[in-house]
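Examining the three-dimensional arrangement
Single-letter residue listing:
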Amino acid sequence: QKAAKEAESAGLGADSAPSGATAEGAAAAGPAEVKGKKKESAAVRKMREAVERRRREEEAAEAARIEAERVAEEQRLAEEEAARLREEARERKKEADRLKKEQLRKEGKLLSKSERERQRKAEQFREQLIAQGAIPAAVAGADTAANEKPKRVV
């Protein structure tokens, strides 16, 4: 039916093609006589070829459009996958940092700014007390020696 409409719009009319034959069937038969029908004129052949050429061009354009869409979709999926992998890596790093900080907190090694300031002031006060003689130096030295880990010879 589509071929008949194309042939009709090209000026072929229903009489020029045999009943049940498509435009492609007529093209395969060529300009020779088709079962008792007249040879197609040069103008009709030219129109038919123009219709065929336009159809092929439209099909090629459609195929190119579909291919471009496919490539764009593949690229979009690849970008999404790369973004997902980057996000997962960032999350893993964030989790590892969190666990490391948690471990340091448990060990008492991770101090906030205010905690460090408090420890510094306490150490200054202790040094003042030692300097004034309120704490004997021997006791102060013993405390610091007890708090420090013994050095291991390797």
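Predicted model, so just to flag it, every value in this text is computed and none were measured. Sequence order sets the numbering: in each chain, residues are counted from 1 along the sequence as written. Thresholds applied to this predicted model are a pLDDT of at least 70 for local features of residues and 80 or more for the giving and counting of side-chain atom pairs; totals over whole chains, interfaces and linings are not thresholded and use all residues. Computation of side-chain values covers all heavy atoms of the structure but excludes hydrogens and water.

Time to look at the overall build of the protein. Under the scheme used here, helices are H or I runs from DSSP no shorter than 4 residues and strands are E runs no shorter than 2 residues, and both carry numbers assigned from the N terminus. Scanning the protein for helices and strands turns up 6 helices and 0 strands. When the helices and strands of the protein are listed from N to C terminus, the series reads α-α-α-α-α-α. Going through the 154 residues of the protein one by one, you find that 8% of them count as buried. Once local pairs closer than 6 in sequence are excluded, the contacts in the protein between residues at least 24 apart make up 33%. Only the protein chains shown count as cover for residues, and the accessible areas themselves come from Shrake-Rupley with a 1.4 Å probe. For the protein, the computed accessible surface area is about 13,200 Å², with 55% contributed by carbon and sulfur atoms. Whether a residue is buried, partly exposed or exposed follows from its accessible area with a 1.4 Å probe, protein chains only, as a fraction of its type maximum: under 20%, in between, or over 50%, in that order. By definition in these notes, contact holds between two residues if any of their heavy atoms fall within 4.5 Å.

For the rest of this paragraph, the subject is the pattern of salt bridges. Salt bridges are identified by distance alone: a Lys or Arg side-chain nitrogen within 4 Å of an Asp or Glu carboxyl oxygen. Tallied over the entire structure, the rule returns 19 salt bridges. Between Arg70 and Glu67 there is a salt bridge, with the nearest N and O atoms lying 2.3 Å from each other. Of this pair, Arg70 and Glu67 are both found in helix 4 (residues 42-107), 3 residues apart, which corresponds to roughly one turn of the helix. Residue Glu74 pairs with Arg70 through a salt bridge whose shortest N-O separation is 2.4 Å. Within this pair, Glu74 and its partner Arg70 are both found in helix 4, separated by 4 residues, close to a single helical turn.

Its 20 residues place the ends of helix 5 (residues 113-132) 29 Å apart at the C-alpha level, agreeing with the 28 Å of an ideal helix rising 1.5 Å per residue. Within two residues after helix 5, Gly133 carries a phi angle of roughly 90°, on the positive side. To estimate how far a helix should extend, the number of its residues minus one is multiplied by 1.5 Å.

So, on to helix 4. For helix 4, spanning 66 residues, the distance from its first C-alpha to its last is 97 Å, which sits close to the expected 98 Å at 1.5 Å a residue. Among the residues of helix 4, those classed as buried are Val44, Arg48, Val51 and Glu52. After helix 4 finishes, the residue Gly108 shows a positive phi value of roughly 80°.

Counting all residues, the mean pLDDT for the protein is 79, and 66% of those residues have values of 70 or more. Scored from 0 to 100, pLDDT records how confident the predictor is in each individual residue. With pLDDT under 50 throughout, residues 13-17 is counted as low confidence; its partners more than four residues away or in other chains account for 3 contacts.

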